[in-house]
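Structural overview for review
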Amino acid sequence: MKFFVDTADIAQIKELNDLGMVDGVTTNPSLIMKSGRDILEVTKEICDLVEGPVSAEVTATDAQTMIAEGRKLVKIAPNITVKVPLTWDGLQACKTLSGEGHKVNVTLCFSTNQALLAAKAGATFISPFVGRLDDVNIDGLELIEDIRTVYDNYGFETEILAASIRTVNHITQCALIGADVITAPPAVIKSMASHPLTDKGLAAFLADIEKTGQKIL
Ligand code: E4P
């Protein structure tokens, strides 16, 4: 499973990327606002840092302007993926931009039918939002499962990019279901390393070696 990092924070991307944990990056207008940076500048900086796909989201709502924005975004760097919303216009933009050979991430997906349409429109990635469904008492992981089944039934090559990941459990479950990619905030990815029994075991080992008075360095 690929790990994308869901942020426009350069320092955090760099830290995870140096450890080999970053297969790509996703941004959205809210994350750009949070970074306090210019969208084109920060996106370029991320693309220079990371080898994999970097999703940059359009801000128009009509297909023609989305297409024009997408064509501008792909000029930033060869690893740009154009992110379009899952609306009828977004699907039209997806069809055109993917037909021109650009990678397209169709975002804000909340149903299996939406995912089916995105695949037929040539999406490279579909982004179902797990956490935002959980927020309204709908099981977000069930959507990932359903899209996996439907895509496998018909051999769609669109990759399932599980988004709006809020917990480490979301990541485990997405991996078990067979999502192709997860995108998560850096803090969630880092907290995958934590386990209370690791902390407890380490404390016991350190206490025991201290009793022997030995040191390696
Ligand atoms: C995905 O591409 C989105 O940017 C992101 O995962 C949304 O997450 P949120 O629901 O935590 O804002």
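Preceding this paragraph is the structure being described.
Overview of the structure. As the structure is a prediction and not an experimental result, all values here were calculated from the model. (Residues numbered from 1 in each chain as written. Predicted model: local features only at pLDDT ≥ 70, side-chain atom pairs only at ≥ 80, totals over all residues. Heavy atoms only, no water.)

1. With respect to the nonpolar core
Applicable threshold: Side-chain atoms within 4.5 Å are what join buried Ala, Val, Leu, Ile, Met, Phe, Trp, Tyr and Cys residues into a set we call a nonpolar core. When accessible area is computed with a 1.4 Å probe and restricted to protein chains, residues below 20% of their type maximum are described as buried, those above 50% as exposed, and intermediate ones as partly exposed. Every helix listed is a DSSP run of H or I at least four residues long, and every strand listed is a run of E at least two residues long, numbered separately from the N terminus. Any two residues whose heavy atoms approach within 4.5 Å are treated as being in contact.
Core analysis: the largest hydrophobic core is formed by 58 residues, its most contacted members being Val84, Val106, Ile126 and Ile165. Sort the elements by how many residues they give to this core and helix H8 (residues 140-154) lands first, with five residues. If sequence neighbours within four positions are ignored, valine 106 has contacts with Val84, Pro85, Leu86, Cys94, Ala118, Ala123, Phe125, Ile126 and Ser127.

2. A look at the site of the ligand
Worth spelling out the cut-off: Any residue with a heavy atom lying within 4 Å of a molecule or strand is counted as near it. Throughout this description, a polar contact denotes any pair of N or O atoms lying within 3.5 Å of each other; where both atoms belong to protein, one of them has to be capable of donating a hydrogen while the other can accept it, and for residues adjacent in sequence the pair is counted only when both atoms sit in side chains. Only the protein chains shown count as cover for residues, and all accessible areas are computed by the Shrake-Rupley method using a 1.4 Å probe. Of the grid points, spaced at 1 Å and generated over the protein atoms alone, those admitting a 1.4 Å probe that cannot get out make up cavities, while open sets with protein on both sides within 12 Å along at least five of seven lines make up pockets; any residue with an atom within 4 Å of a point is treated as lining. Criterion for pocket placement: a molecule counts as inside a cavity or pocket if more than half of its atoms are within 2 Å of its grid points. Throughout this entry, Asp, Glu, Lys and Arg are counted as charged residues, while Ala, Val, Leu, Ile, Met, Phe, Trp, Tyr, Cys and Pro are counted as nonpolar. The remaining residues, Gly among them, count as polar.
Neighbouring the ligand are Asp6, Thr26, Asn28, Lys83, Phe129, Arg132, Ala163, Ser164 and Arg166. Taking aspartate 6, its side chain carries an N or O atom lying 2.6 Å from an oxygen atom of the ligand. Here an oxygen atom of the ligand and a side-chain polar atom of asparagine 28 are 2.6 Å apart. When isolated, the ligand has an accessible area of 350 Å², and the protein chains bury 86% of it. The site holding the ligand turns out to be the largest pocket. Taken together, the residues that form the shell around the ligand break down as two nonpolar, three polar and four charged.

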